[in-house]
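Each chain, written out:
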Amino acid sequence: AQSVTQLDSQVPVFEEAPVELRCNYSSSVSVYLFWYVQYPNQGLQLLLKYLSGSTLVKGINGFEAEFNKSQTSFHLRKPSVHISDTAEYFCAVMEGGGNKLTFGTGTQLKVEL
Amino acid sequence: DTEVTQTPKHLVMGMTNKKSLKCEQHMGHRAMYWYKQKAKKPPELMFVYSYEKLSINESVPSRFSPECPNSSLLNLHLHALQPEDSALYLCASSQVWSSGNTIYFGEGSWLTVV
């Protein structure tokens, strides 16, 4: 069975500072990896996803993530955050051949002035 | 802007009421999903429909009854709910057989059971 671990439940950061949100996964088969963002009182929006190929994936709003197979990680990064990035971020994994997403517990990113 | 539309956005219902949540997508997707999300928690999968047929039921209580009338619509019928069923209910859709399909979510329906 697949699982996703987001070790940081909350990450406070000052505006214009860089940020990294950590995600580790476990699975016995090949997986696809996703990052979703959920702004307050809204649904989930896809930030980026890794299917294959280049391990550095670029997404919307200046976010990027790097797939590391040996460390089973898919950390999300942004070089300079904005107040509007304040939201809940979910890492998720989908096993190859399936259409079922397994989510991590989420990381609350709080950007402060 | 999401292309998965959910109605109503907010619903308050009593424990003896019967109500329905509705979802519509026009992206040509043939997989549709219901997720339940409690506050400060990740979404939990409830049901998956593929080609209008129920393919996954994550052991959801029978007081939740999904229906997929056609490839664009997905309903969730609610009856005799409990206060602990209060949550955000998210509808989503995706392609079916491509690998690594992106699942697109709606804005959700906030349900309060009183």
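Rules used in this analysis
- Numbering of residues begins from 1 in every chain and follows the order in which that chain's sequence is written.
- In the order they appear in the text, chains get letters beginning with A and ligands get numbers beginning with 1.
- Restriction of local features to residues with pLDDT of at least 70 applies here, the model being predicted, together with a cutoff of 80 or more for giving and counting side-chain atom pairs; totals for whole chains, interfaces and linings are based on all residues.
- To obtain the side-chain values, all non-hydrogen atoms of the structure were used and water was disregarded.
- Only DSSP runs of H or I with at least four residues qualify as helices, and only runs of E with at least two residues qualify as strands; both kinds are numbered from the N terminus onward.
- Our radius of gyration is a C-alpha quantity, and the globule rule it is checked against amounts to 2.2 Å times the number of residues to the power 0.38.
- Summary of the burial criterion: residues with accessible area below 20% of their type's maximum are buried, those above 50% are exposed, and those between are partly exposed, where the area comes from a 1.4 Å probe applied to protein chains only.
- Note on areas: Shrake-Rupley with a 1.4 Å probe; residue coverage comes only from the protein chains shown.
- Neither His nor the chain ends is counted toward charge; the positive residues are Lys and Arg and the negative residues Asp and Glu.
- One atom stands in for each charge, and that atom is NZ of Lys, CZ of Arg, CG of Asp or CD of Glu.
- Residue contacts follow a heavy-atom distance rule, with two residues in contact if any of their heavy atoms lie within 4.5 Å.
- Within this scheme, the nonpolar core is defined by two criteria: the residues are buried Ala, Val, Leu, Ile, Met, Phe, Trp, Tyr or Cys, and they are joined through side-chain atoms within 4.5 Å.
- In this analysis, strands are considered paired if DSSP registers two or more bridges between them.
- For helices, the fitted line uses only the C-alpha atoms of the stretch in contact; every axis is such a line through C-alpha atoms, and the angle between N-to-C directions lies from 0 to 180 degrees.
- Only a pair of cysteine sulfur atoms within 2.5 Å counts as a disulfide in this structure description.

The next subject is the overall build of chain A. Tallying secondary structure elements over chain A gives 0 helices and 12 strands in all. In sequence order, chain A lays out its α and β elements as β-β-β-β-β-β-β-β-β-β-β-β. Taking 113 residues into account, the globule formula puts the C-alpha radius of gyration at 13 Å, and chain A, at 13 Å, falls close to it. Counting over 113 residues, chain A shows a buried share of 44%. Accessible surface for chain A amounts to roughly 5,400 Å². Of this, 51% is attributable to carbon and sulfur atoms. A distance of 8 Å separates the average location of the 8 positive side-chain charges in chain A from that of its 10 negative side-chain charges.

Per the secondary structure count, chain B includes 0 helices and 11 strands. Traced from its N-terminal end to its C-terminal end, chain B shows the element sequence β-β-β-β-β-β-β-β-β-β-β. Scaling as 2.2 N^0.38, a compact globule of 114 residues should have a C-alpha radius of gyration of about 13 Å, and chain B matches this with 13 Å. When the backbone C-alpha atoms are referred to their principal axes, chain B occupies close to 40 × 25 × 20 Å. The buried share of chain B, taken over its 114 residues, is 50%. The contacts in chain B between residues at least 6 apart in sequence include a share of 54% that link residues at least 24 apart.

So, about the nonpolar core. All names here are of chain A. The biggest cluster of nonpolar side chains holds 28 residues, and the ones touching the most others in it are Leu33, Trp35, Leu47, Leu48, Phe74, Leu76 and Tyr89. Sorting the residues of this core by element identifies strand 2 (10–14), strand 3 (19–21), strand 5 (31–38), strand 6 (44–50), strand 8 (64–68), strand 9 (73–78), strand 10 (87–95) and strand 12 (107–112) as the ones contributing at least two each. Apart from residues no more than four positions distant in its own chain, Tyr89 is found in contact with Gln6, Leu21, Trp35, Tyr36, Val37, Leu47, Phe63, Leu76, Gly106, Thr107 and Leu109.

What follows covers the sheet that holds strand 1 (residues 4–7) of chain B. Strands belonging to one sheet form pairs held by backbone hydrogen bonds; the direction of such a pair is parallel or antiparallel. Residues and elements named next belong to chain B. Strand order in this open sheet of 4 strands is 1-3-8-7, and the pairing throughout is antiparallel. A strand with exactly one partner marks an edge of an open sheet, and here the two such strands are strand 1 and strand 7 (64–70). On average, adjacent strands in this sheet sit at an angle of 20° to one another, irrespective of strand direction. Judged from the 7 bridges that link them, strand 3 (residues 18–25) and strand 8 (residues 73–79) form a sheet pairing that is antiparallel. Counted as the bridge partner of Lys18 is His79 from strand 8.

A few words now on the environment of Gly14 of chain B. In this structure, Gly14 of chain B sits in the loop between strand 2 (10–13) and strand 3. Along the chain, Gly14 of chain B and Lys36 of chain B lie 22 residues apart, while their C-alpha atoms are 19 Å from each other.

Attention now moves to the state of the cysteines. In this structure the tally under the stated criterion is 2 disulfides over all chains. Here Cys23 of chain A engages in a disulfide with Cys91 of chain A; their sulfurs sit 1.9 Å apart. Its S-S torsion of approximately -65° makes the covalent link between Cys23 of chain A and Cys91 of chain A left-handed. Of this pair, Cys23 of chain A sits in the loop between strand 3 and strand 4 (24–26) while Cys91 of chain A sits in strand 10, placing them 68 residues apart in sequence. By relative accessible area, which is 0% here, Cys23 of chain A ends up buried. The disulfide partner of Cys23 of chain B is Cys91 of chain B, and the gap between their sulfur atoms is 1.9 Å. Between Cys23 of chain B and Cys91 of chain B the disulfide shows an S-S torsion of about -75°. By sign, it is left-handed. With Cys23 of chain B in strand 3 and Cys91 of chain B in strand 9 (residues 87–94), this residue pair connects regions lying 68 residues apart in the sequence.

Take it as geometry only, folks, not as evidence of what the structure does.
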